Amino acid sequence: MNTAGHPEATAHRGLELTPFRGLRYDPDRVGSLAAVTSPPYDVVVRPDGLLHLESADPHNIVRLILPQAATPEARHEQAARTLRRWLADGVLATDPEPGLYVYEQRADDGLLQRGIIGALRVSDPAERVVLPHEDVMPHVVADRAALMRATWTNLEPLLLTYRGDDTTSATTALVERTSEQPPLLATTTEDGYRHRLWSVTDPDAVARVRGELARHQALIADGHHRWATYRTLRAEHPSPSPWDDGLVLLVDTVRYPLRVRAIHRLLHDLPVQDAIAALDGHFQVRRLETPLAESLETLAKAADAGNAFLLAGDGAFHLVDRPEPGLLARTVPTDRPEAWRTLDATVLHTTLLAHVWHIPDDSAAHVSYIHDTAATVEKAERDGGTAVLMHPVREEVVRDLARQGVTMPRKSTSFGPKPASGLVLRTLDA
């Protein structure tokens, strides 16, 4: 998202990326680097997934990003104690020199993603430097902020994207050149992704990258709640302070396009048949006699023509589409662009949840947000709830709305691949 030539380009300082001394696992003190990594905190939503990660290695990063205790205060203090113990034992150690980190992810299906990890200046929304595209839940921001206060550490990087061009040629060259060198670390996680990390400490190289990125803005691809947390904590500490910056991964999506996937909903207290009954007269509902993969293909075709969802939880899949126009006119706010009003997530939250099913969407007691499609269906069937399977939003729609300053309903998209948590942390007292 290049700001060069845009009217707002002179109104802000652009992306300000600063090198930092990364906090990393000592490979000699852990079973393996793969065993101590985790997906981002909000992807680890299933208790069995949490237990699996905890049992993979006693030092798995999930013990810091998702500590387990009876109260929030106890959880945060437990994470702080765990971090202090790991630092004292040398399980985690700070790199000797500050640097920017080149990070690479590969998969057997041909995916290749490279980007730069650094400490990014936390900016205000009015500056239009970092563009959000989704709303956040205040209680999640409050919890993440309390965890960061307790640990005094950025535990995992956000995923931000920018649109590279001829003004970022030195940055592009640095990333490519660095990836040809022996890495600081290399590991393959159980999902099959291969990860490599390098540190760039040369002052001239760092200065060139910083100068080029200062002419650009970025889109938050993953980490809206953590970015809101950064802003909360920066506001609490008079500048200059370590809280002026936050840990991010910046990816040039011209060179490395991200994949966009949907985030599904699990409605805990609504059985599928009750959900379907409430749709009578409002949406068309059709039972599909096909397995998950084929049902998702049917959903994709229906989504091309308008709003469409798949319901699951009773052993079958039900296509929900063709909403009654009058219902949408009564329930979808008209003060946003057409692209926002026609989003599946908008119709789900403003029409289905709020007016048809009468389910509040601001509490995990009522709605869970799950990235894994099969896991959403399995949990709905096991618990007697309703899985609402979504079709992903096109990236260009996300960017267009973000440029207009319009945020989508929370958890509308899942950009990936997401950076693995545990490869590099940023402590604020280094």
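Just above, that's the structure.
Residues numbered from 1 in each chain as written. Predicted model: local features only at pLDDT ≥ 70, side-chain atom pairs only at ≥ 80, totals over all residues. Heavy atoms only, no water.

**Topic: the overall build of the protein chain**
Step number 1: A count of helical and extended segments in the protein chain gives 15 helices and 21 strands.
Step number 2: On C-alpha atoms alone, the protein chain measures out to a radius of gyration of 22 Å, which is about the 22 Å that the 2.2 N^0.38 rule sets for 430 residues.
Step number 3: Split into buried and exposed, the 430 residues of the protein chain put 55% on the buried side.
Step number 4: Sequence-distant contacts, at least 24 apart, represent 79% of the contacts inside the protein chain between residues at least 6 apart.
Step number 5: With an accessible surface of roughly 17900 Å², the protein chain has 51% of that area assigned to carbon and sulfur atoms.
Step number 6: Distance between charge centroids for the protein chain: 3 Å, based on 46 positive and 59 negative side chains. (Helix = DSSP H or I, 4+ residues; strand = E, 2+ residues; numbered from the N terminus. Rg over C-alpha atoms; globule rule 2.2 N^0.38 Å. Buried < 20%, exposed > 50% of the residue type's maximum accessible area, 1.4 Å probe, protein only. Contact = heavy atoms within 4.5 Å. Areas by Shrake-Rupley, 256 points an atom, 1.4 Å probe, with all protein chains shown as cover. Lys, Arg positive; Asp, Glu negative; His and termini not counted. Charge placed at Lys NZ, Arg CZ, Asp CG, Glu CD.)

**With respect to the sheet that holds strand S16 (residues 308-312)**
Step number 1: With respect to topology, 6 strands assemble into an open sheet ordered S15-S17-S16-S19-S14-S18, the strand pairing being antiparallel. Each edge of the open sheet is held by one strand with a lone partner, namely strand S15 (284-288) and strand S18 (367-370). Averaged over all pairs of adjacent strands, the angle between strand axes in this sheet comes to 25 degrees, irrespective of strand direction.
Step number 2: Looking at chain direction, S16 and strand S19 (residues 386-389) are connected through 3 bridges and run antiparallel. Note on S19: the bridge partner recorded for Leu 311 is Val 388.
Step number 3: The strands that helix H10 (residues 292-305) touches are S15, S16, strand S17 (317-321) and S19; relative to S16, the one it contacts most, it runs at about 155 degrees.
Step number 4: Against the sheet, helix H14 (residues 373-383) engages strand S14 (264-267), S16, S17, S18 and S19, with an angle of about 160 degrees to S19. (Pairing = 2+ DSSP bridges. Axes fitted to C-alpha atoms, helices over the stretch in contact; angles between N-to-C directions.)

**Details of the packing of helix H4 (residues 72-89) against helix H5 (residues 138-151)**
Step number 1: Axis separation between H4 and H5 bottoms out at 8 Å; the angle between their running directions is 35 degrees. Handedness of the crossing formed by H4 with H5: right-handed. Seen from H4, the contacting residues are Arg 75, His 76, Ala 79, Ala 80 and Leu 83; seen from H5, they are Asp 143, Ala 146, Leu 147, Ala 150 and Thr 151.
Step number 2: For the contact of H4 with H5, the per-class residue count stands at 6 nonpolar, 2 polar and 2 charged. (Left-handed = near helix turned anticlockwise from the far one by under 90°. Nonpolar A, V, L, I, M, F, W, Y, C, P; charged D, E, K, R; others polar.)

**Quick notes on the nonpolar core**
Step number 1: The biggest cluster of nonpolar side chains holds 110 residues, and the ones touching the most others in it are Tyr 25, Ile 117, Leu 160, Leu 250, Phe 309 and Trp 357.
Step number 2: Looking at which element gives the most residues to this core, the answer is helix H13 (residues 344-356), with 6 residues.
Step number 3: In contact with Leu 160, not counting residues within four places along its chain, are Leu 120, Val 130, Ala 218, Leu 219, Ile 220, Ala 221, Val 248, Leu 249, Leu 250 and Val 251. (Core = buried A, V, L, I, M, F, W, Y, C linked by side-chain atoms within 4.5 Å.)

**Considerations on the side chain of Arg 399**
Step number 1: Take Arg 399: it is sitting in helix H15 (residues 395-403).
Step number 2: Here Arg 399 falls in the buried class, since its relative accessible area comes to 4%.
Step number 3: In terms of polar contacts, Arg 399 uses its side chain to reach the side chain of Thr 161, at 2.7 Å. (Polar contact = N/O pair within 3.5 Å; in protein donor to acceptor, adjacent residues only side chain to side chain.)

**Things to note about the packing of aromatic side chains**
Aromatic rings in a pair are described by how distant their centres are and how their planes are angled relative to each other.
Step number 1: Under the defined criterion, the tally for this structure stands at 4 aromatic pairs.
Step number 2: Aromatic side chains Phe 20 and Tyr 101 sit 5.2 Å apart centroid to centroid with 50 degrees between the ring planes, which places their arrangement in the tilted category. Of the two residues, Phe 20 sits in the loop between strand S1 (17-18) and strand S2 (23-25) while Tyr 101 sits in strand S4 (residues 100-106), which places them 81 residues apart along the sequence.
Step number 3: Taken together, a centroid distance of 6.2 Å and an interplanar angle of 50 degrees make the contact between Tyr 25 and Trp 86 tilted. Here Tyr 25 is found in strand S2, whereas its partner Trp 86 is found in helix H4, with 61 residues between them in sequence.
Step number 4: We classify Tyr 25 as buried; its relative accessible area is 3%.
Step number 5: The side chain of Arg 144 reaches across the aromatic face of Tyr 41, ending 4.0 Å from its centre. (Phe/Tyr/Trp six-rings, centres within 6.5 Å; stacked < 30°, edge-to-face > 60°. Lys NZ or Arg CZ within 6 Å of the ring centre and 35° of its normal.)

**Quick notes on unusual backbone geometry**
Most peptide bonds adopt trans geometry, and most residues besides glycine take a negative phi value.
Step number 1: Pro 240 follows Ser 239 through a cis peptide bond whose omega is 0 degrees.
Step number 2: In this chain, Gly 416 is followed by Pro 417 through a cis amide linkage whose omega measures 5 degrees.
Step number 3: Even without glycine at this site, Arg 322 takes up a positive phi of about 50 degrees.
Step number 4: Within the element layout of this structure, Arg 322 appears in the loop between S17 and helix H11 (325-331).
Step number 5: By relative accessible area, Arg 322 is classed as exposed at 61%.

**As for the pattern of salt bridges**
Step number 1: Counted by the stated rule, this structure contains 26 salt bridges.
Step number 2: When the shortest N-O distance is used, the salt bridge between Glu 127 and Arg 121 registers 3.0 Å.
Step number 3: One salt bridge connects Glu 176 with Arg 255, and the closest N-O pair in it is separated by 3.1 Å. Of the two residues, Glu 176 is situated in helix H6 (residues 169-178) and Arg 255 in the loop between strand S12 (245-252) and strand S13 (259-261); the sequence distance between them amounts to 79 residues. (Salt bridge = Lys/Arg side-chain N within 4 Å of Asp/Glu carboxyl O.)

**Concerning H4**
Step number 1: Between its first and last C-alpha, H4 extends 26 Å over 18 residues, near the 26 Å set by a 1.5 Å rise per residue.
Step number 2: Along H4, the residues that are buried comprise His 76, Ala 79, Ala 80, Thr 82, Leu 83 and Trp 86. Buried residues along H4 cover an arc of 160 degrees about the axis, so they all sit on one side. In H4, the exposed positions that point more than 90 degrees away from the buried face belong to Glu 73 and Ala 88.
Step number 3: Elements in contact with the buried residues of H4: S2, helix H3 (62-65), strand S3 (92-94), H5 and strand S7 (153-154).
Step number 4: Just beyond H4, the residue with positive phi is Gly 90, at close to 80 degrees. (Expected span 1.5 Å × (residues − 1). Arc of directions from axis to C-beta.)

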